[in-house]
Amino acid sequence: MSSNPSQISDDYVSENRSGVGGGISDVYGEDLATLDQLVTPWVTSVASGYTLMRDPRYNKGLAFTDKERDAHYLTGLLPPVILSQDVQEKKMMHNLRQYTVPLHRYVALMDLQERNERLFYKLLIDNVEELLPVVYTPTVGEACQKYGSIFRRPQGLYISLKEKGKILEVLKNWPQRGIQVIVVTDGERILGLGDLGCQGMGIPVGKLSLYTALGGIRPSACLPITIDVGTNNEKLLNDEFYIGLKQKRATGEKVRVVVAFFFIQEYAEFLHEFMCAVKQNYGEKVLVQFEDFANHHAFELLSKYCSSHLVFNDDIQGTASVVLAGLIAAQKVLGKSLSDHTFLFLGAGEAGTGIAELIALKISTETGTPIDEIRKKIWLVDSKGLIVSSRKESLQHFKQPWAHDHEPVKELLGAVNAIKPTVLIGTSGVGKTFTKEVVEAMATFNEKPLILALSNPTSQAECTAKEAYTWTEGRAIFASGSPFAPVEYEGKTFFPGQANNCYIFPGLGLGLIMSGAIRVRDDMLLAASEALASQVTEENFADGLIYPPFTNIRKISANIAASVGAKTYELGLASNLPRPKDLVKMAESCMYSPVYRNFR
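Residue numbers here run from 1 along each chain, matching the order of that chain's written sequence. Since the coordinates come from a predicted model, pLDDT governs what is reported: local features require at least 70, and pairs of side-chain atoms require 80 or more to be given and counted, while whole-chain, interface and lining totals use all residues. Calculation of side-chain values draws on the structure's entire complement of heavy atoms; hydrogens and water are dropped beforehand.

S.K.: Help me out: how do you make sense of helix H22 (residues 522–533) in this one?
M.R.: Count 3.6 residues to each turn of an α-helix, and residues three or four apart come out pointing the same way. Only DSSP runs of H or I reaching four residues or more are called helices, and only runs of E reaching two or more are called strands; each is numbered from the N terminus. One less than the number of residues in a helix, times 1.5 Å, gives the span that helix is expected to have. In this model, H22 (12 residues) spans 17 Å end to end at C-alpha, consistent with the 16 Å of a helix rising 1.5 Å per residue. Think of it in three bands: with a 1.4 Å probe and only protein chains considered, a residue is buried below 20% of the maximum accessible area for its type, exposed above 50%, and partly exposed in between. Buried residues dominate H22, accounting for nine of its 12 residues. By the burial criterion, the buried members of H22 are Met524, Leu525, Leu526, Ala527, Ala528, Ser529, Ala531, Leu532 and Ala533. In this analysis, two residues are considered to be in contact whenever any of their non-hydrogen atoms come within 4.5 Å of each other. In the core, the buried residues of H22 are packed alongside strand S6 (311–313), helix H15 (314–334), helix H16 (350–367), helix H21 (505–515) and helix H24 (553–570).

S.K.: What's the story with the UniProt feature "domain: Malic enzyme NAD-binding" (unreviewed entry) in the protein chain in this structure? I'm lost.
M.R.: In the numbering used here, UniProt assigns the feature "domain: Malic enzyme NAD-binding" (unreviewed entry) to residues 316–569. The span residues 316–569 is 44% helical and 12% strand by assignment, and the distance between its end C-alpha atoms comes to 24 Å. UniProt positions are given in the numbering used here, feature names are shortened, and annotations may be inferred rather than shown by experiment.

S.K.: Help me understand the domain arrangement of the protein chain, please; the structure alone is not making it clear to me.
M.R.: When the parts of a complex come together, some accessible area is lost, and that lost area is often taken as the interface size. Each domain's extent is set by a domain assignment, obtained either automatically or from a database. When its domains are assigned, the protein chain resolves into domain 1 (49–128), domain 2 (138–313), domain 3 (318–499) and domain 4 (503–590). For domain 1 and domain 2, the distance between their C-alpha centroids amounts to 30 Å. On the side of domain 2, 20 residues touch domain 1, which itself brings 15 residues to the contact. Of the roughly 1,400 Å² buried at the junction of domain 1 and domain 2 (both faces included), carbon and sulfur atoms supply 65%. Here's the idea: put two parts together, see how much 1.4 Å probe accessible area each one loses, and the total over both is what we call buried area. Interface area lost by domain 1 to domain 2 is led by Leu103, Tyr106 and Glu114, which between them contribute 40%.

S.K.: I'm lost on the packing of aromatic side chains in this one. Help?
M.R.: Where two aromatic rings form a pair, the distance of their centres and the angle of their planes describe that pair. Centre distance within 6.5 Å is the pairing criterion for rings of Phe, Tyr and Trp, where only the six-membered ring of Trp is used; planes under 30 degrees apart are then read as stacked, over 60 as edge-to-face, and the remainder as tilted. Applying the stated criterion across every chain, the model contains 14 aromatic pairs. For the pair Tyr469 and Phe494, a centre-to-centre distance of 4.6 Å together with 20 degrees between the ring planes defines the contact as stacked. Taken together, the residues span a long stretch of sequence, with Tyr469 in helix H20 (residues 465–471) and Phe494 in strand S14 (residues 492–494) at a distance of 25 residues. Grouping residues by exposure puts Tyr469 and Phe494 together as buried. Each residue in the set Tyr469, Phe478, Phe484 and Phe494 is aromatic and connected to the rest through ring pairs, giving one cluster. For a lysine, the NZ atom is tested; for an arginine, the CZ atom; a charge sits over a ring if that atom is within 6 Å of the ring centre and within 35 degrees of the ring normal. In this structure, Arg375 is placed above the aromatic ring of Trp402, and the distance from its NZ or CZ to the ring centre is 5.5 Å.

Okay, here's the thing in C-alpha cells:
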C-alpha cells in the first residue's frame, strides 16, 4: 500500500490520522499501520535474534515483550525486565544530564541513533529545547572539528574525487531507495569555523535528524552526503586521524591562474555529475539541500540548478526566511511596517545577501515599489567596509546590487553613525563585532533597536544577549543564531529569541514533499516566513520574543508545510494531485511517529 500523498484521499487521511508515512511509498505497510496493529520487521528476511537487536530501525532494547522475545529468538539475549519506551526515555535523559561536557552528550546521542532509531527521535521530539543545542549548533561545530576522533560508523555517503565517473554507482550503494531529502556539503565553510573538509559530515547528519524530529520526514527517506574534494586546512592535512582526502581543495583557490581554471572546471564537472546522478537515481522530486558551501560555490550551485532540480540552500534561503519571519513578527511590537525601516548588515556573504534579497522582495511585494528602489534602504558592510558604488567594479557579483552611492566608510561604527539604521543584522561569522559603542549608537537614535546577532556557533556571535540588553538599557529587541540564556536587567527578565533555521527548513521540506513540488521558488520562502511569524503569540511578545518556543515545533512545521504546499499548488509546481482540502491535516498525517511498533 502506498502512502504517497497524491494517492490518499482526504477521507482516507482523516480516518487514518495515525498513519505516519512521511509521504514515501511504504512497501510493507509499516507506517500506514495504526499503533495497535502488528508489523513485520523486514530486513532482507524477517529479522530475529541478534540481527533484530542490531538493526536500529527495529531495535527496542528492553521494550521487547515476552511474546516478541519468543517469536523472534530474543529470549536469553536480553535481561528479563521489560521497560516501556517512556521509561527508556526517562533513563536516557537522566544519563545525558550526567555529562558536563556538551560533546560527550553529542556522542552519546549519536550512539543512541545508531542502535535505537525510534528512541533517539522520541528523545529529540519530547526534549527539543534541551537537546537541539546538542545535535545542532553550537555543539555540532565542535563535533565537526573533532569528527575524525569521534568517528564510529558511517551515517551517510562520502563521495570523494576518487569516485569521479562512478557517482551513480556510489549512490546505489546506499541501502535505502526511496530517498526524498538529501543534505549535501563539501565542508568548505562549516558554520563560522571555516574549512573542515570531510569532517563537515556532522552538519548533514544533524540537519536530517531535525528534518525527521521537527518536520516528520521519515529517517529512511533522508540521506546525508559529504562531497570530499580535499581541504585547505593545514591542521587537518597534518592530522593522522583526519578521515578525508589529504590533498588541497580542487576549487582553484590561491593557485596560479591556469591551474586554478583546471581545478574550478574539475570541481564543476564533479558537482554536475553528482547532481545528474541524484536525479537519475532518485527522480525529479528529491529535495537537495546545499549546506555550508563557500560563498563562491553556494551562489553558483543554486543559480545553476534551481531551474532543473528541486534545490534549496539553507545558508542563503533558509536563513533569509527565518530572519524575515522574525522581522515581520517584530513589527507587531514596534507598530511599524518593514518599509519603514533602514537595514544595516555586518557580513555580505551567503546569509547576509540572502536575507537582504528576501527582505527587499517582501517589501516590494507589499508596497508595489520596484525592488531596485527597496534595495537602497538596505546597506551591507563587508571586511573592507561599507559596500558603496565606488567599490562596485571590484565586488563579487552577489554583492553588486547592494553598492549604493555614499562616501567610503571603513568601520562598522562609522557606518552605523552615517546610515542610522533601525535594524542591525550580523552575519559576519566574527564574534564580538557589535561592540558597546556600536550597540549604544543604535540605542541613541532608536527607541527599540532591532539587533540580530546571527553568526554561529555561540563563540562567533556578534554580541551576547546580555550585552545587547545592557547596552541599550533593556530596550533592544534581540535575537541570535545560537541560544542564549534568559537575561536579568533591572528587575526584568528578558528571553532572547533564536533565529534558528530549524524553524523553517523542516516545515519547508515537508511542504515540498507532500505537494510533490518540482522546483523551489522565492514565493514559497515568503509563505514560510509569514506562516512562522503568525505563530508568535501576544504572550511571546510580552517575554520579548519574536519567535515562538520550540516546544510547539511540530505544530509550527505543519503550519509552515501547509502554507508552502498551498503556494506550490498556486504556482502550478505541485505534482501530487488533486490538492488536499485541509493541508494542515495532510501535513500532520504525513509526519513520522517514533513510537515503538508491536511485532508479529
